[in-house]
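# A look at the structure
Chain by chain, the residues:
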Amino acid sequence: MEKILVPQINGNEDQYVIKRFYVSERQAVHSGDVLADLSSSKAVVEITTDISGYLHLAKEELAEVKVGETLALIFDTMSEYEEYVKKDSDAASDDNKQQQYTLTKIAEDFVKAHGLTHEELASLHKKVIKTSDLQLLLNKRDETDTRYQPVSPEQKMVAQTVNESYQTIPRAFLLQKVDCTKTHIRMMELTKEFGTVIGFGEVITVILSEIFADFSIFFARLVDENTIELPQSPSIGITYDVGNGLFIPVIKAGQAGSLEEVIDVSFENKVKALRGTFSTEDLSGGTISISLNTNNDVVAVLPIILPGQTAMISVGAVMKELTFDIEDKTRIIEKEYLNLGIAYDHRVVNGFNTMEFSDAIKRKLESFDLKVYRN
């Protein structure tokens, strides 16, 4: 018998969610087969086996698991598998001998994950309760009382990152108004040219790459209270939330300086966000992040700062206003603007530095020139 254990997906988390199993109980598996997808708050990773045999699942789909826990067992022969399952079932029966029902280990995990009560289990009037019975019970509970819904495992992972940020990073926030009239027109020209939507995520990415040398402190990592690590080049994360989870894929160093390459990588990331197929590599290594909140009428969003980073840039929706023409003060014209926010770690930078950083981004946005960033 060999154990398939939960690996360490990234250094900041030790608890994950089983997004899906690609195999079933008793199935014969072979070396190289993909067994499951594990999801962290940052990535989805495939779990494979390097041995062959007969599979026993130790966990349920959507269960929360920790590093080192057993996902599955693989037996050399079917007889070894059947002997183990019988012992496991007998042990579960002994543990629950005081109850009116018996739960297998997998069923126990399901009960804990969804908070099913003893009264609910007893209402099934079954001596042996299977996971299929528990799912029906859960569906029934949802139908009869819509006030209560379980928090999804993916959202719990996001919550862990948010809590860590709030508990460990003394954050400050700066908000600045930016005239984006010309830039918005140029982005629409790019969208038509490339056949894919080009937004402020792509534009600000190339701007950050251009001003990196002058503001590398905003891309830094606080090692300890006495030490800051400055990166040699920028790697820029952009938020994507299309309804199936929040992802922050990273445009790596060397990709962010070329507008065409940023557009290509961003398109790939949009597809991966829809499919939920990001790898750990896609979501790791960021030195700064951009939080896009550009739905209509969103004035501003105060973002978190990801642990290990110093700042996150926030972009609101494009707004319109009437103003006097600079060249002809008697003429009223319509302009477009957005609110550019910067959340920053006050242990690393101060307000004066952040204003200079924000001013630099503002100037580049307001005078955005396509030719500067073309290959």
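## Here we look at the overall build of the protein
Helix and strand counts for the protein come out as nine helices and 21 strands. The C-alpha extent of the protein, read off along each of the three principal axes, is 85 × 45 × 45 Å. Across the 375 residues that make up the protein, the buried fraction comes to 43%. Across the protein, every contact between residues at least 6 apart in sequence was considered, and the portion connecting residues at least 24 apart equals 62%. When the accessible surface of the protein is totalled, it reaches about 19800 Å², and 50% of it is carbon and sulfur. Here the protein holds 39 positive side-chain charges and 58 negative ones, and the gap between their average locations is 3 Å.

## Points about the sheet that holds strand β2 (residues 15-21)
Strand order in the open sheet formed by four strands is β5-β4-β2-β7, and the pairing between neighbours is antiparallel. Each of the sheet's edge strands pairs with one partner strand only, and the pair in question is β5 (44-48) and β7 (64-66). For this sheet, the mean inter-axis angle between neighbouring strands, taken without regard to orientation, is 40°. Where strand β4 (residues 34-39) lies against β5, five bridges are found, and the strand directions are antiparallel.

## Describing helix α6 (residues 181-194)
In this model, α6 (14 residues) spans 20 Å end to end at C-alpha, consistent with the 20 Å of a helix rising 1.5 Å per residue. In this structure, the buried residues of α6 make contact with α7 (200-211), α8 (259-275) and α9 (351-366). Backbone geometry just downstream of α6 places Gly195 in the positive-phi region, at approximately 75°.

## Observations concerning unusual backbone geometry
Backbone geometry at Arg26 places phi at a positive 75°, although glycine is not the residue there. Turning to its location among the elements, Arg26 is positioned in the loop between β2 and β3 (28-29). In this structure, Leu62 takes a positive phi of about 75° despite not being glycine. Positionally, Leu62 belongs in the loop between β6 (53-57) and β7. Residue Leu62 is classed as partly exposed on the basis of its relative accessible area, which comes to 41%.

## Some remarks on the pattern of salt bridges
A full pass over the atoms with the stated rule returns 15 salt bridges. The salt bridge involving Lys270 is made with Glu202; its shortest N-O contact spans 3.5 Å. Note that Lys270 is positioned in helix α8 and Glu202 in helix α7, a separation of 68 residues in sequence. Between Arg221 and Glu229 there is a salt bridge, with the nearest N and O atoms lying 2.6 Å from each other. Classification of Arg221 as partly exposed rests on a relative accessible area of 37%. Three or more residues joined by partner-sharing salt bridges are found here, namely Lys59, Glu69 and Asp109.

## Overview of the packing of α7 against α9
The interhelical angle for the contact between α7 and α9, taken along N-to-C directions, is 120°, at an axis separation of 10 Å. Classed by the angle they form, the pair α7 and α9 counts as oblique. Of the two possible hands of crossing, α7 and α9 adopt the one that is right-handed. Facing Phe200, Val203, Ile204, Ile207, Leu208, Glu210 and Ile211 of α7, the residues of α9 in contact are Phe357, Ala360, Ile361, Lys364 and Leu365. In the contact of α7 with α9, the residues fall into ten nonpolar, no polar and two charged.

Definitions and limits used
Residues numbered from 1 in each chain as written. Predicted model: local features only at pLDDT ≥ 70, side-chain atom pairs only at ≥ 80, totals over all residues. Heavy atoms only, no water. Helix = DSSP H or I, 4+ residues; strand = E, 2+ residues; numbered from the N terminus. Buried < 20%, exposed > 50% of the residue type's maximum accessible area, 1.4 Å probe, protein only. Contact = heavy atoms within 4.5 Å. Areas by Shrake-Rupley, 256 points an atom, 1.4 Å probe, with all protein chains shown as cover. Lys, Arg positive; Asp, Glu negative; His and termini not counted. Charge placed at Lys NZ, Arg CZ, Asp CG, Glu CD. Pairing = 2+ DSSP bridges. Axes fitted to C-alpha atoms, helices over the stretch in contact; angles between N-to-C directions. Expected span 1.5 Å × (residues − 1). Salt bridge = Lys/Arg side-chain N within 4 Å of Asp/Glu carboxyl O. Parallel < 35°, antiparallel > 145°, perpendicular 65-115°, else oblique. Left-handed = near helix turned anticlockwise from the far one by under 90°. Nonpolar A, V, L, I, M, F, W, Y, C, P; charged D, E, K, R; others polar.

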